[in-house]
Amino acid sequence: MARGDQVYVMRDLMGIPYEHHGIDCGDGTIIHYRKVGEATVSCTRHEAFACGNPVYPYPQSVAFIADVVIERARSRLGEQKYDLFFNNCEHFATWCKTGRNHSQQLSSFGLRLGQIKLPQVGQLAKQAARDEAPAEALALFEKALGNLAIATQTLLPDYKQTQTDIQTWQRVAQRALEKSREDLARAALHRKLTAQKKAVSLKQQLGELSDLQLAIEQDQRIAQARLG
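Below is a summary of the structure that appears in this document.

## What to know about the pattern of salt bridges
Point 1. Within the structure shown, the criterion is met by four salt bridges.
Point 2. Linking Glu 79 and Arg 76 is a salt bridge whose minimum nitrogen-to-oxygen distance equals 2.8 Å. Exposure class is identical for Glu 79 and Arg 76. Each is buried.
Point 3. Salt-bridge contacts for Asp 183 lead to Arg 181; the nearest nitrogen and oxygen are separated by 2.9 Å.

## Here's the deal with the environment of Gly 99
Point 1. One can find Gly 99 in the loop between helix H3 (89-98) and helix H4 (104-107).
Point 2. Given the relative accessible area of 35%, Gly 99 is considered partly exposed.
Point 3. As for Gly 99 and Val 69, which are separated by 30 residues in sequence, their C-alpha atoms are 9.1 Å apart.
Point 4. Those residues in contact with Gly 99 that sit more than four places away from it in its chain are Phe 64, Arg 72 and Thr 94.

## With respect to the pairing of strand S3 (residues 29-34)
Point 1. Counting buried positions along S3 yields five of six residues, so the element is predominantly enclosed.
Point 2. Relative to strand S4 (residues 40-45), S3 is paired through six bridges, and the arrangement is antiparallel. The residue of S4 that forms the bridge with Arg 34 is Thr 40.
Point 3. Once S3 ends, the chain turns through five residues before running back antiparallel as S4, passing Gly 37 with a positive phi of about 70°.

## What about the side chain of Asp 24?
Point 1. Among the secondary structure elements, Asp 24 is positioned in strand S2 (residues 16-24).
Point 2. Of the side chains with opposite charge, Arg 3 lies nearest to the buried Asp 24, which makes no salt bridge, at 7.9 Å.
Point 3. Setting aside its immediate chain neighbours within four residues, Asp 24 contacts Met 1, Ala 2, Arg 3, Gly 4, Asp 5, Val 7, Thr 29, Ile 30 and Ile 70.

## Topic: unusual backbone geometry
Point 1. The residue Cys 51 is not glycine, and still its phi comes out positive at about 50°.
Point 2. Summarising the element assignment, Cys 51 is placed in the loop between helix H1 (46-50) and strand S5 (55-57).

What counts as what
- Residues numbered from 1 in each chain as written.
- Predicted model: local features only at pLDDT ≥ 70, side-chain atom pairs only at ≥ 80, totals over all residues.
- Heavy atoms only, no water.
- Salt bridge = Lys/Arg side-chain N within 4 Å of Asp/Glu carboxyl O.
- Buried < 20%, exposed > 50% of the residue type's maximum accessible area, 1.4 Å probe, protein only.
- Helix = DSSP H or I, 4+ residues; strand = E, 2+ residues; numbered from the N terminus.
- Contact = heavy atoms within 4.5 Å.
- Pairing = 2+ DSSP bridges.
- Lys, Arg positive; Asp, Glu negative; His and termini not counted.

Right, dumping it as structure tokens:
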């Protein structure tokens, strides 16, 4: 590993392995979203980031030079805006390294949102908290959390595309007005409005997924406590 590298360590969430990402400062410290209490962008010792596991470099085909990468990472120290779908540890590290707010892990999940019944998942969280068999409830919780995570494969690319569409149609409208083509400008603005409505709907669905995740995790802790 080298100064300014994007690095990651394998961690485990209820039996589900995932990559935790950060930026290597080259002096034995790593800047990353530290998840102790409220998740905060922090500079910690390499050992604290590793938690006893090997740390690997995460190669990027296009990247800033090391000084710029570290400057970008330091500019966000103290930030507390963690979001599983839009601003997780990999989003942060990839943004520092390449300028792209991207999480390959989320994009790589294999199931589609249509395979998951969100109301049923929500009901699961409420019912399992009252279940008299907490061991069975824990197994259901793990399955539900995995499904909630992989559901983002469909929603996230669509949401990102609508954001691009909004910007594109805004530029088209501006150019049309510059050429006195108000008809084309109105058509472009109509398409922009359609994209904005779609973006609002997609973000709401992603928010529902996030809320369900929090509810399930809370009830899961209750079941774990009952198991002792």
